[in-house]
Amino acid sequence: MKDFKNKVAVITGAGSGFGREFARIAADRGMRLVLADVQADALKLVVDELRTRGAHVIGEQVDVSKAEQVEHLANRTYSEFGASHLLFNNAGVASGGLIWESSLKDWEWVMGVNVMGVVHGIHFFIPRMITQGDQCHVVNTASVAGLLSAQTMGVYNVSKHSVVTLSETLFHDLRVSESKIGVSVLCPAFVPTGISESHRNRPSDLANDAPLTDSQRAAQQASSKAVSSGKITAQSVAETTFSAVEANQFYIVTHAKIMQSVHLRLDDVRHLRNPSDPFAYKPDAAYPVK
Ligand SMILES: NC(=O)c1ccc[n+]([C@@H]2O[C@H](COP(=O)([O-])OP(=O)(O)OC[C@H]3O[C@@H](n4cnc5c(N)ncnc54)[C@H](O)[C@@H]3O)[C@@H](O)[C@H]2O)c1
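Rules of the game
- Residues numbered from 1 in each chain as written.
- Predicted model: local features only at pLDDT ≥ 70, side-chain atom pairs only at ≥ 80, totals over all residues.
- Heavy atoms only, no water.
- Helix = DSSP H or I, 4+ residues; strand = E, 2+ residues; numbered from the N terminus.
- Rg over C-alpha atoms; globule rule 2.2 N^0.38 Å.
- Buried < 20%, exposed > 50% of the residue type's maximum accessible area, 1.4 Å probe, protein only.
- Contact = heavy atoms within 4.5 Å.
- Areas by Shrake-Rupley, 256 points an atom, 1.4 Å probe, with all protein chains shown as cover.
- Lys, Arg positive; Asp, Glu negative; His and termini not counted.
- Charge placed at Lys NZ, Arg CZ, Asp CG, Glu CD.
- Core = buried A, V, L, I, M, F, W, Y, C linked by side-chain atoms within 4.5 Å.
- Near = heavy atom within 4 Å.
- Polar contact = N/O pair within 3.5 Å; in protein donor to acceptor, adjacent residues only side chain to side chain.
- Nonpolar A, V, L, I, M, F, W, Y, C, P; charged D, E, K, R; others polar.
- Salt bridge = Lys/Arg side-chain N within 4 Å of Asp/Glu carboxyl O.

Asks: How do you make sense of the overall build of the protein chain when you look at a structure like this?
Replies: Of the regular secondary structure elements, the protein chain holds eight helices and seven strands. Over its C-alpha trace the protein chain gives a radius of gyration of 19 Å, about what one expects of a compact globule, namely 19 Å for 290 residues. Considered along the principal axes of its C-alpha atoms, the protein chain spans approximately 50 × 45 × 30 Å. Within the span of the protein chain, comprising 290 residues, buried residues form 50% of the whole. Taking all contacts inside the protein chain whose residues are at least 6 apart in sequence as the whole, residues at least 24 apart take part in 72%. Entry remark: accessible area of the protein chain is about 13,600 Å², with carbon and sulfur atoms responsible for 55%. A distance of 4 Å separates the average location of the 28 positive side-chain charges in the protein chain from that of its 29 negative side-chain charges.

See below:
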């Protein structure tokens, strides 16, 4: 997709981090915008900012884990703008800790937002994009956690590996259907955003009853430190993503050095070796268990 002017961008998780930067760039490129987020106050700030800059913007409070809310988002997009061209399935949350200590509510919350949120975006938008017949593009936000399996990030890793295979399968399904819709999967490493405070939007019915375990507390601290000390900005990730959409590039890995670890994992699979330490090249970044 190379022509953005007057086209319609739909962005989930638009109230903060990458989603907010996608929205700013889309507005700069003259796109009409449908912005969705579960956090109403953060969403309103972005909608107001972009309207002040003259953009045509709809803001909708949406929990992407709820099918009926994403369906409503798609209905509203098509009733107000008659089309969608660039869909960012971006909303996401994180939790950490040893995998057997993660609660079933951790699984339900993270998989609900990170996986079912993307599934809902695909389910309610892709058929309409196909009918539309225009050149369109979908960007699913995964993570390098979708290409690696780092310790004490199990629930998040499973959710992001799911987004990678969902995106690869979508790519192939669109290819065999001879569709004009492009796909990219965004896989950043740590970037300063609100991701390590994602519990701020955790629904009360999925809150944990038990206090944090040592590994969960350590993972939370390590995540806050790694995210806040990330050197690449959310704005830069969003710019790289728009360039990839223009180039119809599928895999978007924003942190080049992490590819060493990805290659190590792929070599493990190729040689049927037991898994190497994903932090072998950056031991200081490894999450402790205590
Ligand atoms: N920041 C990083 O280091 C990093 C690295 C790799 C991948 N990611 C991924 O990037 C995406 C964006 O995260 P971010 O880093 O910008 O974090 P962020 O917390 O700044 O932004 C995420 C946004 O998603 C929204 N959100 C949370 N739950 C939602 C729900 N149920 N429905 C709708 N919106 C919801 C939040 O309110 C927030 O505005 C996520 O999928 C995250 O997993 C982040």
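Asks: Whenever I open this one, the nonpolar core confuses me. Can you help?
Replies: What tends to happen in soluble globular proteins is that the nonpolar side chains get buried as a cluster. Core analysis: the largest hydrophobic core is formed by 41 residues, its most contacted members being Phe125, Ile126 and Met129. For this core, the secondary-structure elements that each account for two or more residues are strand 1 (8–12), strand 2 (32–37), helix 3 (67–81), helix 4 (104–132), strand 5 (136–141), helix 5 (154–176) and strand 6 (181–187). The greatest single-element share of this core, amounting to nine residues, is contributed by helix 4. Beyond its immediate stretch of four places on either side in the chain, Phe125 contacts Val10, Val70, Leu73, Ala74, Thr77, Tyr78, Ser84 and Leu87. Among the nonpolar cores identified, the runner-up in size contains 32 residues, and Ala27, Leu33, Val47 and Ala238 belong to it.

Asks: In this structure, what is going on with the site of the ligand? I would like to understand it.
Replies: The ligand sits among 30 residues. The nearest are Ser16, Asp37, Tyr156, Val191 and Thr193. In this structure, an oxygen atom belonging to the ligand sits 3.4 Å away from a main-chain N or O atom of Ala189. Taking Thr193, its side chain carries an N or O atom lying 2.6 Å from an oxygen atom of the ligand. Burial of the ligand by the protein chains amounts to 98% of its free accessible area of 820 Å². Counting only elements with at least two residues in the shell around the ligand, the list comes to helix 1 (17–28) and helix 5. The class makeup of the residues in the shell around the ligand is 14 nonpolar, 12 polar and four charged.

Asks: For this particular structure, what's the right way to read the pattern of salt bridges?
Replies: Note on pairing: side chains with opposite charge can pair once their charged atoms come close. Taken as a whole and judged by the stated rule, the model has 14 salt bridges. Between Arg24 and Glu49 there is a salt bridge, with its nearest N and O atoms 2.8 Å apart. Pair noted here: Arg24 is in helix 1 and Glu49 is in helix 2 (residues 40–52), with a separation of 25 residues, a long-range link. Classification of Arg24 by relative accessible area gives partly exposed; the value is 23%.

Asks: Is there a simple way to think about unusual backbone geometry in this case?
Replies: Excluding glycine, a negative phi dihedral is what most residues carry, and trans is how most peptide bonds are arranged. One non-glycine residue, Asn248, adopts positive backbone phi at about 55°. If you trace the backbone, Asn248 turns up in the loop between helix 7 (234–246) and strand 7 (251–253). You will see that Leu272, though not glycine, has its phi angle at about 55°, which is positive. Take Leu272: it is sitting in the segment after helix 8 (259–270).

Purely geometric stuff here, so don't read any function into it on its own.
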